[in-house]
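The lines below spell out each chain.
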Amino acid sequence: MASVYDDFTAHHNYTEWIASLLRLGEAHGLRGDTVLDVACGTGKSFMPLLELGWKVTACDISASMVEVARAKAGRQVERLEVADMRALPIYGSFDLVCCLDDAVNYLLSAAELEQALRGMAANLAPEGILVFDSNTITTYRTFFAEQVEVEANGQRLIWDGRTAGVVEPGQISEAAFEAEPLVPGTRPTIPPELHRQRHHPEAEVRAALAAAGLEVAGLYGCTTDGIPRQPLNEESHTKAIYVARLDG
């Protein structure tokens, strides 16, 4: 879905979202100007950081996503490459490591989550800050149970949730995404692509962070307005936002 991802997510204000996350990081000691954006997708998460003067290194498991991100950023990004967060290379020592837009929910076990967090911890400067978000149980009982259609740039983008609204903590949920031209033959058709995500309960995330040598500095929840609030409430918030740092 790399070619249409920006169209499907056009309603999200990334400039405000990233600014709010930076404020959270700063409240917990974030300083400096180097960032590693893990699972950067099409670059929507790091473009606002570039505009603020951050030195960006980024990676994503999808070569097509990286291609779109590279077309946007050009030579502004220090380094941009394909990488699996479960075996994350050590790119350097960063003031900020981020992993946004529910990327960690594509990790389908607690063991995979721990592997990814170990890699992120290895890329943190001694006083660096890690910020990542994770979908709450509410997202899997709502968005992953809905059919959403968006018309943009001559195409219809279709999200088909398959949970029927019944999801237990730690469960894997599925949805299909596809695209079709509004006028046949004018745009490519994207056949249904299966998306599998796992809900990560808070206790499990905390355990994975601890195993990776990290500690929770702050935990927040937000809804579709993107405004972080405390305390996290999985029944009313759609995302959990974790701010972490190296333990000790």
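Residues numbered from 1 in each chain as written. Predicted model: local features only at pLDDT ≥ 70, side-chain atom pairs only at ≥ 80, totals over all residues. Heavy atoms only, no water.

**Overview of the pairing of strand β1 (residues 34-38)**
1) Next: Taking burial as the measure, the five residues of β1 include five buried ones, the bulk of the element.
2) Next: Neither face of β1 is open: one carries Thr-34, Leu-36 and Val-38, the other Val-35 and Asp-37, and all of them are buried.
3) Next: Both β1 and strand β2 (residues 55-60) contribute to a ladder of five bridges, which runs parallel. Among the inter-strand pairings, Leu-36 is bridged to a residue of β2, identified as Thr-57. (Buried < 20%, exposed > 50% of the residue type's maximum accessible area, 1.4 Å probe, protein only. Helix = DSSP H or I, 4+ residues; strand = E, 2+ residues; numbered from the N terminus. Pairing = 2+ DSSP bridges.)

**A look at the environment of Asp-95**
1) Next: Looking at the secondary structure, you find Asp-95 in strand β4 (residues 94-99).
2) Next: When the C-alpha atoms of Asp-95 and Arg-31 are compared, they prove to be 6.5 Å apart, with 64 residues separating the residues in sequence.
3) Next: Dropping the residues within four chain positions of it, Asp-95 is found in contact with Leu-30, Arg-31, Gly-32, Asp-33, Thr-34, Ala-125, Gly-128 and Ile-129. (Contact = heavy atoms within 4.5 Å.)

**Things to note about the pattern of salt bridges**
1) Next: Inspection of every chain in the model, using the stated rule, returns 17 salt bridges.
2) Next: Among the salt bridges present, the one from Asp-33 reaches Lys-55, with a minimum N-O distance of 2.7 Å. Here Lys-55 lies in strand β2 and Asp-33 lies in the loop between α2 (14-27) and β1, a separation of 22 residues in the sequence.
3) Next: By relative accessible area, which is 39% here, Lys-55 ends up partly exposed.
4) Next: The partner of Arg-198 in a salt bridge is Glu-204, with the nearest N and O atoms 2.4 Å apart.
5) Next: Classification of Arg-198 as buried rests on a relative accessible area of 12%.
6) Next: Each of Glu-149, Glu-151, Arg-156 and Glu-180 takes part in one network of salt bridges that share partners. (Salt bridge = Lys/Arg side-chain N within 4 Å of Asp/Glu carboxyl O.)

**Details of the packing of aromatic side chains**
1) Next: For the structure shown, the criterion picks out seven aromatic pairs.
2) Next: Measuring from ring centre to ring centre gives 5.1 Å for Phe-8 and Phe-177, while their planes differ by 70°; the resulting arrangement is edge-to-face. One end of the pair, Phe-8, is in helix α1 (residues 5-8); the other, Phe-177, is in strand β8 (residues 172-181), with 169 residues separating them in the sequence. Both residues of the pair, Phe-8 and Phe-177, count as buried.
3) Next: Measuring from centroid to centroid gives 4.8 Å for Tyr-140 and Phe-144, while their planes differ by 55°, and the two rings are tilted.
4) Next: Note on Tyr-140: relative accessible area 0%, which makes it buried.
5) Next: In this structure Phe-144 comes out as buried when scored by relative accessible area, which is 1%.
6) Next: The rings of Phe-8, Tyr-140, Phe-143, Phe-144, Trp-159 and Phe-177 are connected pair by pair, giving a single aromatic cluster. (Phe/Tyr/Trp six-rings, centres within 6.5 Å; stacked < 30°, edge-to-face > 60°.)

**Digging into the state of the cysteines**
1) Next: Using the criterion set out here, one finds zero disulfides in the structure.
2) Next: Residue Cys-222 stays outside any disulfide, its sulfur separated by 15 Å from that of Cys-99, the closest cysteine.
3) Next: Classification of Cys-222 by relative accessible area gives buried; the value is 2%. (Disulfide = S-S within 2.5 Å.)

**Topic: the sheet that holds β8**
1) Next: On the basis of which strands lie adjacent, the open sheet formed by four strands has the order β6-β7-β8-β9 and antiparallel pairing. Across the chains shown, the open sheet's two edge strands, defined by having one partner strand only, are β6 (147-152) and β9 (190-198). Across the sheet, the mean angle separating the axes of adjacent strands is 15° when strand polarity is ignored.
2) Next: Where β8 and β9 come together, seven bridges link them in antiparallel fashion. Note that in β9 the partner of Ala-176 across the bridge is Leu-194. (Axes fitted to C-alpha atoms, helices over the stretch in contact; angles between N-to-C directions.)

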